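Close look at the chain arrangement
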Amino acid sequence: MARVGLTATRLVAAAADLADEVGFENVTVSALARHFGVKDASLYSHVRNVQDLRTRIAVLAAGEMIDRIASAVAGRAGKDALVAFAGAYREYALERPGRYRATHTQLDPALVAESSTYRRTAEVTYGMLRAYGLSEPDLTDAVRLLRSTFHGYCDLEFIGGFGDPRDVQTSWERGLDALHMALKHWPRTAHGDLG
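About the criteria used
- Residues numbered from 1 in each chain as written.
- Predicted model: local features only at pLDDT ≥ 70, side-chain atom pairs only at ≥ 80, totals over all residues.
- Heavy atoms only, no water.
- Helix = DSSP H or I, 4+ residues; strand = E, 2+ residues; numbered from the N terminus.
- Expected span 1.5 Å × (residues − 1).
- Buried < 20%, exposed > 50% of the residue type's maximum accessible area, 1.4 Å probe, protein only.
- Arc of directions from axis to C-beta.
- Contact = heavy atoms within 4.5 Å.
- Polar contact = N/O pair within 3.5 Å; in protein donor to acceptor, adjacent residues only side chain to side chain.
- Salt bridge = Lys/Arg side-chain N within 4 Å of Asp/Glu carboxyl O.
- Axes fitted to C-alpha atoms, helices over the stretch in contact; angles between N-to-C directions.
- Parallel < 35°, antiparallel > 145°, perpendicular 65-115°, else oblique.
- Left-handed = near helix turned anticlockwise from the far one by under 90°.
- Nonpolar A, V, L, I, M, F, W, Y, C, P; charged D, E, K, R; others polar.

All right, on to helix α9 (residues 168-184) then. With 17 residues, α9 ought to run about 24 Å at 1.5 Å a step, and its terminal C-alpha atoms sit 24 Å apart, in line with that. For α9, the complete set of buried residues consists of Trp 172, Leu 176, Leu 179, His 180 and Leu 183. Relative to the axis of α9, the buried residues are bounded by an arc of 105° and lie together on one face. Check the buried side of α9 and you find it contacts α4 (78-95), α7 (116-130) and α8 (138-158). At the N-terminal boundary of α9, the capping side chain belongs to Asp 167, with an oxygen 3.4 Å from the backbone nitrogen of Gln 169.

The next point concerns the pattern of salt bridges. For the structure on display, the rule yields 14 salt bridges. The partner of Arg 120 in a salt bridge is Asp 67, with the nearest N and O atoms 2.3 Å apart. You can see Arg 120 sitting in helix α7 and its partner Asp 67 sitting in helix α3 (residues 50-73), a full 53 residues away along the chain. Exposure remark for Arg 120: the relative accessible area of 33% places this residue in the partly exposed category. Through salt bridges with shared partners, a single network forms among Asp 17, Asp 20, Glu 64, Arg 96 and Arg 99.

Let us now look at the environment of Glu 173. Position of Glu 173 among the secondary structure elements: in helix α9. Overall, Glu 173 belongs to the partly exposed group, its relative accessible area being 42%. Taking the C-alpha atoms as reference, Glu 173 lies 11 Å from Leu 82; in sequence the two are 91 residues apart.

Cis geometry is found at the peptide bond from Glu 136 to Pro 137, where omega equals 5°. Along the polypeptide, Pro 137 turns up in the loop between α7 and α8.

With that out of the way, let us pick up α7. Taking 1.5 Å of rise per residue, the 15 residues of α7 would be expected to cover 21 Å, and the 20 Å separating its terminal C-alpha atoms lies within 8% of that figure. Buried within α7 are the following residues: Thr 117, Tyr 118, Val 124, Thr 125, Tyr 126, Met 128 and Leu 129. Contacts from the buried residues of α7 go to α3, α4, α6 (109-114), α8 and α9.

Attention now moves to the packing of α4 against α8. Taken N-terminus to C-terminus, the directions of α4 and α8 make an angle of 40°; their axes are 10 Å apart at the nearest point. Viewed along their axes, α4 and α8 adopt a mutual orientation that is oblique. With respect to the hand of their crossing, α4 and α8 are arranged in right-handed fashion. Contacts between α4 and α8 involve Leu 82, Phe 85, Ala 86, Tyr 89, Arg 90, Ala 93 and Leu 94 on the former and, on the latter, Leu 146, Arg 147, Phe 150, His 151, Tyr 153, Cys 154, Glu 157 and Phe 158.

The next thing to look at is the packing of α4 against α7. The geometry of α4 relative to α7 is characterised by a closest axis approach of 9 Å and an angle of 145° between their N-to-C directions. Once α4 is placed against α7, the crossing between them reads as left-handed. Facing α4, whose interface residues are Ala 81, Leu 82 and Phe 85, α7 presents Val 124, Thr 125 and Met 128. Along the lines of polarity and charge, the residues of the contact of α4 with α7 split into 5 nonpolar, 1 polar and no charged.

What follows covers the side chain of Ser 115. Considering the arrangement of structural elements, one finds Ser 115 in the loop between α6 and α7. A distance of 3.2 Å separates a polar atom in the side chain of Ser 115 from the backbone nitrogen of Thr 117.

Below you can see the structure in the form of structure tokens.
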């Protein structure tokens, strides 16, 4: 019999904590059931399967991450906003590695389209970049550049992939200087212009 007070919200929060401890890919319904001292079947009234559980972790993590980023960028613009955005992103990625990994899960596009969390993520990100005077399709290109840069840097930092003795924080700051300059001097694309 499931413990009193076992809810989907409580399960997902515990699963997110577990992801940070053992890795997102190691979160299973069985591992979560062991955590709560119940049988696997006790959890299936709250989550459909492991995919459902991992999707819920991804949505939870995306919400936590954008809350942190939105708070950091509030009232800021230009380079100040970029640095705050990047710092909050990196801090979350390094402090919550399992949750962060979950944010890179491929989700059902319909779920993303109807999710207030993902709409807010787009609003905050695109809002920060609009201060650079960007509009579509340049906005999308800039978002992709920032996401791939931040993600690659955080992934490499997390695994100790920077072997040079140069201070990692200094390299991060110099990278943000370069990104700011790239955004400030973005080569504008006329709508529909492919090159």
